[in-house]
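# Observations on the three-dimensional arrangement
Here's the letter readout for the chains.
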Amino acid sequence: MTRFAVSILLCGLINHGAGAASFDCSKAATPTEHLICAEPALSRQDEQLADAYRAALKRAADPRVLRAKQLEWLKVQRDACGDSTCVMRVSAARISALGLGAAPDSALDSAFQEACPVLTQEARGTADDHCRVTASGPFGAMDNETFHYATYCLDSPHGEADRCGDSGIALFSASDGKVSRWRTHYGNSVNSYAAPVIHSTPQGTLLEIPIAVSGTGYFNESELFVRQDHRWIPVDTSPWAQDLRNRLPEGREAWKGIWPDWNTLSAQTPLWKPGDANCCPSAGSASIQLRLSGTRLEIESLQLSDRNYDE
């Protein structure tokens, strides 16, 4: 933290290699600094954070106040993170607050509201006004863009304001003060949406839109994207799910939603056999290692055990 803070506070002009962090990685001292240096997506974001801070210093009426706030943010928020997802999230919020690539709150609010008729049209075939924003915020920043999301309650068309007949999510990018919407997704009352998460993996930078479907299991219908050529490209996740069904021995099945650890591209699931109740799988477990092949998610290896993974 100290070297990062000093280099930024003094606005030192250092030449860095492609994808390098804003500080000298050979002198990284804290766990967060080592994490930033080890993961290209975090390194690029750290460079953008440095640019945002330098630009904000030039605009600041009292640079001393901004320096103090930046030091406090480094200590209290960024360096308190224990994983790359947290660093990505808090740094994105800080970049947005400092202003680089961000848009005025009024522009974001307008973009959030403009997605309402789009979602209701997609969900019901009519752009009615039964729609409200339930949550919003930044979730990442890279390539001089900040990324934002908003979740929505599409109220019951019968006017029951305390219920959500359908729900949805929209994703936005902000750059040079302008906001554009690039993704919407809607579902019915059993769908729930969480804030998108950017994962830095050995095989690329992934964006997950967590989408859970309730029922006898907590099913996973999340969307996945990979960052290529400064764009988010959809990942086809169906090949690995189908391949898992094909690879499991007869009499063993994966019944409920599987939620992979996208940072390690791995997953685990209990297995059921005929006659098992939903609550009580008795056919052991499966450990799955995934790989990204272009824009397809595939199984790299599969290990079966007679023991459930939570035993």
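This report concerns the structure included in the present document. (Residues numbered from 1 in each chain as written. Predicted model: local features only at pLDDT ≥ 70, side-chain atom pairs only at ≥ 80, totals over all residues. Heavy atoms only, no water.)

Under the counting rule described, the total for this entry stands at five aromatic pairs. Among the aromatic side chains, those forming a connected cluster through ring pairs are Phe139, Phe147 and Trp232. Lying across the ring of Trp232, Arg227 places its NZ or CZ 4.9 Å from the centre. (Phe/Tyr/Trp six-rings, centres within 6.5 Å; stacked < 30°, edge-to-face > 60°. Lys NZ or Arg CZ within 6 Å of the ring centre and 35° of its normal.)

On to the pairing of strand β11 (residues 231-234). Both strand β10 (residues 223-228) and β11 contribute to a ladder of four bridges, which runs antiparallel. Across the sheet, the residue bridging to Arg227 is Trp232, located in β11. Joining the antiparallel neighbours β10 and β11 is a turn of two residues, in which Asp229 adopts a positive phi near 50 degrees. (Pairing = 2+ DSSP bridges. Helix = DSSP H or I, 4+ residues; strand = E, 2+ residues; numbered from the N terminus.)

Tallying each qualifying case throughout the model produces four disulfides. The disulfide partner of Cys25 is Cys37, and the S-S distance across this bridge is 2.1 Å. Its S-S torsion of approximately -90 degrees makes the covalent link between Cys25 and Cys37 left-handed. Of this pair, Cys25 sits in the loop between α1 (2-9) and α2 (31-38) while Cys37 sits in helix α2, and the two are twelve residues apart along the sequence. Under the relative-accessibility criterion, Cys25 is labelled partly exposed at 32%. The disulfide bridge from Cys81 ends at Cys86, spanning 2.0 Å between sulfur atoms. The disulfide joining Cys81 to Cys86 has a torsion of about -60 degrees about its S-S bond and is therefore left-handed. Using a relative accessible area of 11% as the deciding quantity, one classes Cys81 as buried. For Cys86, a relative accessible area of 17% puts it in the buried group. (Disulfide = S-S within 2.5 Å. Buried < 20%, exposed > 50% of the residue type's maximum accessible area, 1.4 Å probe, protein only.)

It is worth spelling out the nonpolar core at this point. Membership of the largest hydrophobic core comes to 36 residues, with the highest contact counts inside it found for Leu98, Phe139, Ile198, Leu207 and Trp232. Mapped onto this core, the elements with two or more residues apiece are α3 (40-59), α4 (63-76), α5 (84-98), β1 (132-142), β2 (145-155), β3 (164-175) and β7 (204-209). For Leu98, the residues in contact, after removing those within four places along its chain, are Leu49, Ala52, Tyr53, Ala56, Arg59, Leu66 and Gln70. (Core = buried A, V, L, I, M, F, W, Y, C linked by side-chain atoms within 4.5 Å. Contact = heavy atoms within 4.5 Å.)

Side-chain positions along a regular strand alternate between the two faces of the sheet. Across the five residues that make up strand β6 (residues 197-201), a large majority, five, are buried. Going residue by residue along β6, you find Val197, His199 and Thr201 tucked away on one face and Ile198 and Ser200 tucked away on the opposite face as well. Of the strand pairs in this sheet, β6 and β7 are connected by five bridges, and their pairing is antiparallel. Following the sheet pairing, Ser200 is matched in β7 by Thr205.

For the rest of this paragraph, the subject is the pattern of salt bridges. All told, the structure shown has twelve salt bridges when counted by the stated rule. Of the charged contacts, one joins Arg124 and Asp166 as a salt bridge, the two residues approaching to 3.1 Å between their closest N and O atoms. Taken together, the residues Arg124 in helix α6 (residues 105-124) and Asp166 in strand β3 connect sequence positions 42 residues apart. Under the relative-accessibility criterion, Arg124 is labelled partly exposed at 22%. One salt bridge connects Arg247 with Asp243, and the closest N-O pair in it is separated by 3.1 Å. (Salt bridge = Lys/Arg side-chain N within 4 Å of Asp/Glu carboxyl O.)

On to the environment of Tyr186, then. Counting through the fold element by element, Tyr186 comes out in strand β4 (residues 178-188). Considering only alpha carbons, one finds Tyr186 and Leu154, 32 residues apart in sequence, at a separation of 9.0 Å. The contacts of Tyr186, once residues within four sequence positions are left out, are Leu119, Glu122, Ala123, Ser167, Gly168 and Tyr193.

Among the secondary structure elements, Asn191 is positioned in strand β5 (residues 191-193). Its relative accessible area of 13% is what places Asn191 among the buried residues. Non-local contacts of Asn191, meaning those with residues more than four positions away in its chain, are made with Ser167, His185, Ile211, Ala212 and Val213.

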